[in-house]
Amino acid sequence: MITSSLTENISLLQQHLPINESYDYMTRNIAIAGIEGYLVGINGLCDTECLQQIISDLQISLFSSQSCTTPIPDFFASRLGFLGLSFSNDWGNLLQSILSGPCVLFLEGFAYGIILDTRQYPTRSMEEPALEKVTGGSKDGFVETLSTNCALVRRRIRSPKLVFARQTIGTESQTDVVISYIKEAVDPDLLNLLQEKLQKLQVTSLTLGIHSLKELLLKKSIFHPLPSFLTTGRPDVACSYLLEGHILLFVDGSPTSLVLPCSIFQFCQSPEDYYKPLPVGNFIRILRYLCVFLSQFLMPFFLLVSIYPHLLPFPLTEPTLPLASFIYVLFVEFGLAIFQYASSRAANDFSGAFAVVGGLLVGDMAVSLQWTSEAVLFYGGATLLCTLGLPSLELGDAIRLYRIFLILMIGFFHGPGFFLGIFCILLSIATTPTFGKGSYFWPLFPFHWPALKTLLFRYPTFKAQPSKIWKNR
C-alpha cells in the first residue's frame, strides 16, 4: 500500500522497477504549490509535449508560490486542464500504469499516486492489409495500436450499443486484449464463455499476439489443419461481422482482429464481391468455390488417371510408369510449395521478377533434367494458381496438406488409397473444432437457408441486411 511519505514511496518504487538500471525510465523531482513531488514514466511511451505542458501548468508562478490549502484532488481539478487524470493507492495499478505508458506523480503527504495518461505508442501509418487488398473500397487497415483500431471501428458504427471491453492477459507481458461486440446482437452465452476463458488463461505472455491467443482459446490436433478462427485486418470487414452478431478480439501489438464464432464458409468470402457489380460479384464468388475444388483434387486426380489411364476416354498426359508419375507429382508439389514460400519472403521490389524468372528457369531445368514432365508441371502450376485465388492464406495451406496426404495415399495404395484418403479428409473436416457451441458448418448444419444463400451468392445490399437474415447461432 502506498504511504504518505514521498521518500518511502520512491524507495518502494525503486525496489519494484529497475529505475537506476534501465535507461528508458524518465524521473524528475518536481515542486507543486510548495509540495515536493516525484514524477516517473517511460521514454518512448509518453507524449513528451503533453507532459511538458502539464508540468508547465502546474508550475505557474501564481500557483507555485502559494501553499496548497485545498485537498490535492480539488487542487488538480481546478488547476490542471487535462482529461486523462486519475488517482490510485494500489501499487499494482500504479506499476502497471507506468509500464503501460502513463506517467505517475507522487507527492509528499499524499497517500495516492496521480496517474497522468499521456501515453503515445509508436505506430506506423495506416495502409491496406497486404493479404486483403481489393480494387475498390477503403484503403485503411488495422495497425498495432489498440486505440487506433477501436477508433476505426467506432468511426463506421456510431451506435450506443457498441462496446469495447478491455482485459489484461499475461503475468509478464500484461498484454491488453479488447472484446468488441454490439449489445442485443451478440450471443450472450458465447460472450460469457469468451470472458470466462480469457480470465482463466494462465500464461506469462502472448508472444505472437493474436496468433498466440488463438492457440490458447482452442486447442487443436494435427488431424485438423483447417483454420478455426477468422482474422481480418480490414475495418470494413470487421464491422460487417459485428453487425451480424459476431465478436471481435483485438490484441495490443497485432494489426488484425479475431472474429468469433467462425464457420468454414467465411474463409471463402471476400469484400471484393461487394465492391463489384452484382453479376461480377457472383461470378467471382462462384469462381472462388471452383478454385477450392480444383486446388484440392486437380493434382491427385491427375496422379490417379496416370495410374489408371482407362478412367478417361482421352489421355491427360503421355503414358508413364505409376512410380515415375508419383515421384514427379511429389517433386512438383514440394517444389511449388518452396517456391511460393520463397517468393512471398522476397522484397516487394524483386518479388515480381523473382516469380517470373524463377518459375521459367526452374521449370525448364526440371524438365531438361527429367526430374519431372511438362504435363505434371502444367497441372502443378494450375493448382498453385487456384490456391493463390483463395482469399484466406490459412485455408490454402490447409488444402495443400490435404492434397499432399491424398497424393501419398494414392501413390502407396492406388485406387483404394484415393477413397480412404477422401474418407479421412472428410472426417477431419467434419470434426474440425470451433470456438463456442456453434457448428463449423453453420448455416449448412444446422440448416439456415436465409443466411446460407447470402454466403453462397452475392445479394443486393438492401436484401442482405444483417437485421433481416441473421440470427444468433
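Provided above is the structure to which this section pertains.
Residues numbered from 1 in each chain as written. Predicted model: local features only at pLDDT ≥ 70, side-chain atom pairs only at ≥ 80, totals over all residues. Heavy atoms only, no water.

A. Seen up close, the packing of aromatic side chains. Counted according to the given criterion, the structure contains 12 aromatic pairs. A centroid spacing of 5.3 Å and a plane angle of 85° characterise the contact between Phe-142 and Phe-250, whose relative ring orientation is edge-to-face. Linking Phe-142 in the loop between β5 (113–116) and α6 (146–156) with Phe-250 in strand β9 (residues 247–251), this pair joins segments that are 108 residues apart in sequence. The exposure classification of Phe-142 matches that of Phe-250, with both residues buried. An angle of 80° between the planes, with centres 5.4 Å apart, marks the rings of Phe-418 and Phe-419 as edge-to-face. Residue class for Phe-418 comes out buried when judged on its relative accessible area of 15%. For Phe-419, a relative accessible area of 63% puts it in the exposed group. (Phe/Tyr/Trp six-rings, centres within 6.5 Å; stacked < 30°, edge-to-face > 60°. Helix = DSSP H or I, 4+ residues; strand = E, 2+ residues; numbered from the N terminus. Buried < 20%, exposed > 50% of the residue type's maximum accessible area, 1.4 Å probe, protein only.)

B. Spotlight on the pattern of salt bridges. Here the structure, examined in full by the defined rule, presents 13 salt bridges. A salt bridge links Arg-234 to Asp-236; the nearest nitrogen and oxygen atoms lie 2.9 Å apart. Pair check on accessibility: Arg-234 and Asp-236 agree, each one buried. Look at the salt bridges and you will find they share partners, linking Glu-128, Lys-139, Arg-234 and Asp-236 into a network. (Salt bridge = Lys/Arg side-chain N within 4 Å of Asp/Glu carboxyl O.)

C. Highlighting the side chain of Ser-295. Among the structural elements, Ser-295 can be located in helix α10 (residues 278–307). In this structure Ser-295 touches Thr-383, Cys-386, Thr-387, Ile-399 and Arg-403, once residues within four positions along its chain are discounted. (Contact = heavy atoms within 4.5 Å.)

D. Representation of the state of the cysteines in the model. Scanning the entire structure with this criterion turns up 0 disulfides. Cys-46 carries a free sulfur, and the closest cysteine sulfur to it, the one in Cys-103, is 3.3 Å from it. Exposure remark for Cys-46: the relative accessible area of 6% places this residue in the buried category. (Disulfide = S-S within 2.5 Å.)

E. Region of interest: the pairing of β5. Burial along β5 is two-sided: the face carrying Gly-113 and Ile-115 and the face carrying Ile-114 and Leu-116 are both buried. Of the strand pairs in this sheet, strand β3 (residues 85–88) and β5 are connected by 4 bridges, and their pairing is antiparallel. Each residue of the ladder has a partner; that of Leu-85, found in β5, is Leu-116. Sheet topology places strand β4 (residues 103–107) next to β5; 4 bridges connect them, and they run antiparallel. In the sheet register, Phe-106 faces β5, and the bridge partner there is Gly-113. In this antiparallel pair of consecutive strands, β4 and β5, the connection spans 5 residues, and Gly-109 shows a positive phi of 85°. (Pairing = 2+ DSSP bridges.)

F. Region of the structure containing helix α5 (residues 91–100). Taken together, the buried positions of α5 are Trp-91, Leu-94, Leu-95, Ser-97, Ile-98 and Ser-100. Buried residues along α5 sit in contact with α1 (6–16), β1 (25–32), β2 (35–42), β3, β4 and β5. Two or three places before Gly-92, at the opening of α5, Asp-90 has a side-chain oxygen 3.3 Å from that residue's backbone nitrogen. (Polar contact = N/O pair within 3.5 Å; in protein donor to acceptor, adjacent residues only side chain to side chain.)

G. How the structure looks around the packing of helix α7 (residues 188–200) against helix α8 (residues 210–217). Packing of α7 against α8 leaves a shortest axis separation of 11 Å and a crossing angle of 105°. Judged on the interaxial angle alone, α8 and α7 are roughly perpendicular. Side by side, α7 and α8 meet where Leu-194, Lys-197 and Leu-198 of the first sit next to Leu-213, Leu-216 and Leu-217 of the second. Grouping the constituent residues of the contact of α7 with α8 by class yields 5 nonpolar, no polar and 1 charged. (Axes fitted to C-alpha atoms, helices over the stretch in contact; angles between N-to-C directions. Parallel < 35°, antiparallel > 145°, perpendicular 65-115°, else oblique. Nonpolar A, V, L, I, M, F, W, Y, C, P; charged D, E, K, R; others polar.)

H. Up close: unusual backbone geometry. Pro-443 follows Trp-442 through a cis peptide bond whose omega is 10°. Considering the arrangement of structural elements, one finds Pro-443 in the loop between α14 (393–430) and α15 (449–456). A cis amide bond links Phe-445 to the next residue, Pro-446, at an omega of -5°. Relative to the helices and strands, Pro-446 is located in the loop between α14 and α15. At Gln-174, a residue that is not glycine, the phi angle is positive and equals roughly 50°. In this structure, Gln-174 sits in the loop between β6 (162–169) and β7 (175–182). Taking relative accessible area as the criterion, Gln-174 reaches 29% and is therefore assigned partly exposed. Despite not being glycine, His-414 has its phi angle at roughly 55°, a positive value. Within the secondary structure layout, His-414 lies in helix α14.

I. Quick peek at the sheet that holds β2. In space, the 5 strands of this open sheet follow the order β1-β2-β4-β5-β3, with antiparallel pairing throughout. Here the strands that pair on one side only, and so sit at the sheet edges, are β1 and β3. Sheet twist, expressed as the mean angle between neighbouring strand axes with direction ignored, is 25°. In the packing of α1 onto the sheet, the strands contacted are β2 and β4, and the crossing angle to β2 comes to about 15°. Packed onto the sheet, α5 meets β1, β2, β3, β4 and β5 and runs at close to 135° relative to β4.

J. Quick peek at the sheet that holds β6. The strand order across the open sheet formed by 5 strands is β6-β7-β9-β10-β8, and the pairing between neighbours is antiparallel. Each of the sheet's edge strands pairs with one partner strand only, and the pair in question is β6 and β8 (230–232). Averaged over all pairs of adjacent strands, the angle between their axes in this sheet comes to 25°, without regard to strand direction. Here helix α9 (residues 235–243) sits on the sheet and contacts β6, β7, β8, β9 and β10 (257–260); the angle it forms with β7, its principal contact strand, is near 55°.

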